[in-house]
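# Coordinate analysis (summary)
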Amino acid sequence: MKIHHIGYAVRDIQKGIGLFEVLGFEKSGDTLKDLNRKVSLQLMKNNNLIVELVAPTGKESPLYSFIERGGSAPYHFCFETDDIEKEIVRLRKQKYTLIESIKPAKLFGLSKVAFLFNPHIGLIEIIEIR
Ligand code: NI
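It should be emphasised that the depicted structure is a prediction, and the values quoted were computed from it without experimental measurement.

## What about the coordination of the nickel ion?
Looking at the nickel ion, one finds its protein donor set to be His5 (NE2), Glu52 (OE), His76 (NE2) and Glu125 (OE), positioned 1.9 to 2.1 Å from the metal centre. Each of the 4 donor atoms around the nickel ion contributes to a set of angles spanning 88 to 175°, which defines the coordination as irregular. Mapped onto the sequence, the donors of the nickel ion take the spacing H-x46-E-x23-H-x48-E. Of the two residues, His5 is situated in strand 1 (residues 3–9) and Glu52 in strand 4 (residues 49–56); the sequence distance between them amounts to 47 residues. Accessibility classification places His5 together with Glu52 in one group, the buried group.

## A word on the sheet that holds strand 6 (residues 97–105)
Ordered in space as 2-3-4-1-5-8-7-6, the 8 strands form an open sheet in which the pairing is mixed. Whereas interior strands pair on both sides, the edge strands pair on one side only; in this sheet they are strand 2 (26–34) and strand 6. The average angle at which neighbouring strand axes cross in this sheet is 25°, direction not considered. Pairing between strand 1 and strand 4: 4 bridges, direction parallel. Within strand 4, the residue paired with Tyr8 across the bridge is Leu53. Lying on the sheet, helix 3 (residues 84–92) is in contact with strand 5 (73–81), strand 6, strand 7 (111–118) and strand 8 (122–128); it crosses strand 8 at an angle near 155°.

## Let's talk about the nonpolar core
Nonpolar side chains tend to gather and get buried jointly when the protein is soluble and globular. Ranked by size, the top nonpolar core spans 14 residues in total, and within it Leu63 and Phe108 carry the most contacts. Every element with two or more residues in this core is listed here: strand 3 (39–46), strand 4 and helix 2 (62–70). The element contributing the most residues to this core is strand 3, with 3 residues. For Leu63, the contacting residues outside a window of four places in its chain are Ala9, Val39, Val54, Ala55, Pro56 and Tyr75.

Rules used throughout
- Residues numbered from 1 in each chain as written.
- Predicted model: local features only at pLDDT ≥ 70, side-chain atom pairs only at ≥ 80, totals over all residues.
- Heavy atoms only, no water.
- Donors = N, O, S within 2.8 Å, 3.2 Å for Na, K, Ca; no water.
- Tetrahedral: all angles 85-135°; square planar, octahedral: opposite > 155°, others 65-115°.
- Helix = DSSP H or I, 4+ residues; strand = E, 2+ residues; numbered from the N terminus.
- Buried < 20%, exposed > 50% of the residue type's maximum accessible area, 1.4 Å probe, protein only.
- Pairing = 2+ DSSP bridges.
- Axes fitted to C-alpha atoms, helices over the stretch in contact; angles between N-to-C directions.
- Contact = heavy atoms within 4.5 Å.
- Core = buried A, V, L, I, M, F, W, Y, C linked by side-chain atoms within 4.5 Å.

In structure tokens:
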């Protein structure tokens, strides 16, 4: 599967943007807040590489403990698929557990995304691009 983007957890979205700009990335679109996941999101581009900065909006965010444990760090790889439901079935057979079912992602023009977890790989995201 082709990599769509890398999710990167940062403590603070504005500081994260500034520091990725130092590394040659540019902002792509506006900063969004996902009130369900309690995170701020900003897409950053460097040539063909897309990094999705994800920052917790407070201590109640599920991402907060991830950052407290390991600091700012890559958080997930997101892979493209043309059929997200079929892909979930295929990955479940490879011991991936669906931890966040299919939802439209505002950040990606309402493309469908889902999150899966495998104990040997960690968290991945898949996105349906048709
Ligand atoms: Ni993502």
